Amino acid sequence: MNQHYDVLIIGSGLAGLTVALHLAADKKVAVLSKKALLDGASNWAQGGIAAVLDSGDSHDKHVADTLVAGAGLCDPEATRHIVEQGPSAIEWLIGLGVPFTQDQGAELGFHLTREGGHSQRRIIHAADETGHLVQLTLEQQVRAHRNITLLEYHSGVELITSRILGRCPGDAPARCLGAYVYDEPSDQVNTILAGQVVLATGGAGKVYLHTSNPDTSSGDGIAMAWRAGCRVANMEFMQFHPTCMYHPQAKSFLISEAVRGEGGVLRLPKAAGAQAGERFMQWHDERLELAPRDVVARAIDFEIKKRGLNHVDLDISHRPAAFIREHFPTIHARCLEFGIDMTRDPIPVVPAMHFTCGGVVVDLNGRTDIPGLYAVGETAYTGLHGANRLASNSLLECLVIGRNAAHDIDAQPSPNHSGCQVPAWDDSRARDVSEAVLVTHAWDEVRRLMSNYVGIVRTRKRLDRAAQRLRMLEQEIQAYYQEYRVTSDLLECRNLVQVAALVVAAALSRKESRGLHYCQDFPWTLPRALPTVMTPEDGFR
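Here is a short report on the structure shown in this document.

What counts as what
For every chain, the first residue of the written sequence is number 1, and numbering continues from 1 onward in sequence order. Under the rules for a predicted model, residues below a pLDDT of 70 receive no local features and side-chain atom pairs below 80 are neither given nor counted, while totals for whole chains, interfaces and linings still include all residues. As a rule here, side-chain values come from all non-hydrogen atoms in the structure, and water together with hydrogens is ignored. Numbering goes from the N terminus for both helices and strands, where a helix is a DSSP run of H or I of at least four residues and a strand is a run of E of at least two. Each helix should span, by expectation, one fewer than its residue count multiplied by 1.5 Å. The buried label applies to any residue whose accessible area, calculated with a 1.4 Å probe on protein chains only, is under 20% of its type's maximum; exposed applies above 50%, and partly exposed to all values in between. In this description, a line fitted to the C-alpha atoms serves as the axis of each element, helices being fitted only across the stretch in contact, and the angle between N-to-C directions of two axes falls anywhere from 0 to 180 degrees. In a left-handed crossing the near helix is turned counterclockwise from the far helix by less than a right angle, and in a right-handed crossing that turn is clockwise. Here, residues are in contact when the closest pair of their heavy atoms is within 4.5 Å. Throughout this entry, Asp, Glu, Lys and Arg are counted as charged residues, while Ala, Val, Leu, Ile, Met, Phe, Trp, Tyr, Cys and Pro are counted as nonpolar. The remaining residues, Gly among them, count as polar. Should an angle lie under 35 degrees it is considered roughly parallel, over 145 roughly antiparallel, and from 65 to 115 roughly perpendicular; all remaining angles are considered oblique. We call a set of buried Ala, Val, Leu, Ile, Met, Phe, Trp, Tyr and Cys residues a nonpolar core when their side-chain atoms join them within 4.5 Å. Two N or O atoms count as a polar contact when they lie within 3.5 Å, although within protein this holds only if one can serve as hydrogen donor and the other as acceptor, and sequence-adjacent residues are included solely when both atoms are side-chain atoms. For two strands to be treated as a pair, DSSP must find no fewer than two bridges joining them. Under the pairing criterion, centres of Phe, Tyr and Trp rings, with the six-membered ring standing for Trp, must be within 6.5 Å; the plane angle then separates stacked pairs below 30 degrees from edge-to-face pairs above 60, leaving the rest tilted. Any Lys NZ or Arg CZ found within 6 Å of a ring centre and within 35 degrees of that ring's normal is scored as a charge over the ring.

## Some thoughts on helix 5 (residues 130–144)
At step 1: Its 15 residues place the ends of helix 5 22 Å apart at the C-alpha level, agreeing with the 21 Å of an ideal helix rising 1.5 Å per residue.
At step 2: Within the sequence span of helix 5, burial applies to T130, G131, L133, V134, Q135, T137, L138, E139 and V142.

See below:
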């Protein structure tokens, strides 16, 4: 049996839950969560949300900082719109009860910190677990709402569009009708139809071997939208966070940008010999540790490769111990688990893939190229992030575009899909037992391939090699997908290979170095900045 909702939201991070809560007053909404509700990347965000909340700051300053970090590729209109909507978005969260860190001496009563690339203190935060506490607050609202159906351990398989089906009567325009959805607990694929579908699946951090992202970040929404016929843009700009903890047991643990914002410095470790303990950012950028992320990540990568190091050190031990424990309780506690007391010891860090700056092309209401289909959050490309995302602008974008999308959906007439004959998912495919190792090997290969050939510093030769191997992997995985029943691992692997191929294709098309894309064969920056837009039918344009 088909399930019907007014709105289907695929993804349960901040962007998806923002859409759901703004719609649920008069819409029946289904929210899919690939794992448990709090297992997404939003829940892992430590730093905070950038917004102009102090009279000493201004929207113009926030816009200017964003444009500088974006290396000429930010869309000015989108940037200004999102920045100007920031304060009201924060007010909404405060009204819901998000426990932001207070500071009675501050103008609005909340502590504001500063992060790399920002000229002002404008990051509102909840200690060093902002994402978790925001998500926890929204989760309580979502679980309690009578009009929201939460489907945990459910993954999108494919979007259902009238163009793909070719079965809608008359000259009805091509539009999104719903999605095939994998129900992991029951191990079956269901059909969910909806008036509007929202992709909010996050980014594609798991395309790389080392990432600060959770295991759910496999680029599902980007891959699904691409297969349905949507444009994607700027996929070459994959942001590496400069400071992920280097420890064999510290999987994906990020050391927040705010540690550097509050005075943390980068030093060479003991393995560097005579220069051990020396700061090095002065050799790379006059902004030192507060340079934008792409600059700091390349500087760390350079020092590690030049000196044969495994990591560098991030040191904030010169600040008072009480200050460190108050501002970074989660990081402090996590470091102690690994025998590191950050009030006395430096933290070993390495760059790790952190954020997908490109994505599905949308307007400021989250509309994609397909009527009835929206994309929000890290899945989407609004033009805000350009060639490099400014720290803490991501959660801001989730809130603003999520709210815009909800308002736009509310204003749309409810479509009637009764004339569309949607076939059930074909469950006649074989159950795989002995061949599952192919998926495991492909998953591992694509991540190692991307880390080795499509990392912080790229060359044309490495990109060509990656493209050739990814074409073979795409064919192998697609053949497997057509023959065997779906599993969570198969769906994620198929999407990872698809997104990896988009990243490489976009990188090969850019004949310059800009922001997060640094290619040794094209070390210059061209005078005119243009986004890389790809279409399934036409390639680049």
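Moving on from the coordinates now.
## Considerations on the packing of helix 1 (residues 14–23) against helix 5
At step 1: Put simply, helix 1 and helix 5 touch, their axes get as near as 10 Å, and they point 35° apart. By crossing handedness, the relation of helix 1 to helix 5 is classed as left-handed. For the pair formed by helix 1 and helix 5, the contact residues are L14, L17, T18 and L21 on the first element and V134, Q135, L138, E139, Q141 and V142 on the second.
At step 2: Residues belonging to the contact of helix 1 with helix 5 are distributed by class as follows: 6 nonpolar, 3 polar and 1 charged.

## A few points about helix 12 (residues 393–411)
At step 1: With 19 residues, helix 12 should reach 27 Å at 1.5 Å per residue; the first-to-last C-alpha distance of 27 Å fits that figure.
At step 2: Most of helix 12 is tucked away: 16 of the 19 residues are buried.

## Looking at the packing of helix 3 (residues 76–84) against helix 12
At step 1: Remark: helix 3 packs on helix 12, axes separated minimally by 9 Å, with the N-to-C direction vectors making an angle of 95°. When the axes of helix 3 and helix 12 are compared, the pair comes out roughly perpendicular. Seen from helix 3, the contacting residues are H81, I82 and V83; seen from helix 12, they are L396, E397, V400, I401 and N404.
At step 2: Split by residue class, the contact of helix 3 with helix 12 holds 5 nonpolar, 2 polar and 1 charged.

## A few points about the nonpolar core
At step 1: Membership of the largest hydrophobic core comes to 78 residues, with the highest contact counts inside it found for L8, I10, L159, Y208, M235 and M450.
At step 2: Leaving out residues up to four positions away in the same chain, M235 has contacts with I222, T356, G358, G359, V499, L502, V503, A506 and M534.
At step 3: Core analysis: the second largest hydrophobic core is formed by 43 residues, L53, V134, V142 and I148 among them.

## Quick word on the environment of L199
At step 1: Along the chain, L199 falls in strand 9 (residues 188–199).
At step 2: Given the relative accessible area of 0%, L199 is considered buried.
At step 3: Remark: the alpha-carbon pair of L199 and I477, spanning 278 residues in sequence, is separated by 23 Å.

## What to know about the side chain of R122
At step 1: Within the secondary structure, R122 sits in the loop between strand 4 (112–113) and strand 5 (123–124).
At step 2: Take R122: its relative accessible area is 0%, and that puts it in the buried class.
At step 3: Here D65 takes part through its side chain, which lies 2.8 Å from a polar atom of the side chain of R122.
At step 4: With near-sequence residues (within four places) excluded, R122 lies in contact with I49, A50, A51, D57, S58, K61, H62, D65, L112 and T113.

## Some details on the sheet that holds strand 14 (residues 347–356)
At step 1: Spatial strand order, 11-14-13-12: 4 strands in an open sheet with antiparallel pairing. Since the sheet does not close on itself, it has two edges, and those belong to strand 11 (238–245) and strand 12 (265–267), each with one partner. Across the sheet, the mean angle separating the axes of adjacent strands is 45° when strand polarity is ignored.
At step 2: Bridge count for strand 13 (residues 312–315) against strand 14 is 3 bridges, and the pairing is antiparallel. The residue bridging D313 from the neighbouring strand is P348, located in strand 14.

## Digging into the sheet that holds strand 4
Within a sheet, each strand pairs with its neighbour through backbone hydrogen bonds, oriented either parallel or antiparallel.
At step 1: Reading across from one edge, 3-5-4 is the order of the 3 strands in this open sheet, with antiparallel pairing throughout. One side of each edge strand has no neighbouring strand; the edge strands of this open sheet are strand 3 (49–50) and strand 4.
At step 2: Pairing between strand 4 and strand 5: 2 bridges, direction antiparallel. By the bridge assignment for strand 5, L112 is matched with I124.

## Remarks on unusual backbone geometry
At step 1: You will see that L288, though not glycine, has its phi angle at about 55°, which is positive.
At step 2: Inspection of the secondary structure puts L288 in the loop between strand 12 and helix 9 (293–307).
At step 3: By relative accessible area, which is 28% here, L288 ends up partly exposed.
At step 4: Located in the positive-phi region is S392, a residue other than glycine, with phi close to 65°.

## Topic: the packing of aromatic side chains
At step 1: If you walk through the whole model with that rule in mind, you get 5 aromatic pairs.
At step 2: Relative to F110, the ring of F100 has its centre 6.3 Å away and its plane inclined at 85°; by these criteria the two rings are edge-to-face. Here the residue F100 occupies a position in the loop between helix 4 (86–96) and strand 4, and F110 occupies one in the loop between helix 4 and strand 4, the gap between them amounting to 10 residues. Like F110, F100 is buried.
At step 3: Over the aromatic face of F323 sits the side chain of R319, whose NZ or CZ is 4.0 Å from the ring centroid.
At step 4: We note R494 situated over the ring of Y481; from NZ or CZ to the ring centre the distance is 3.7 Å.

The quantities given are spatial measurements derived from coordinates; they are silent on function.
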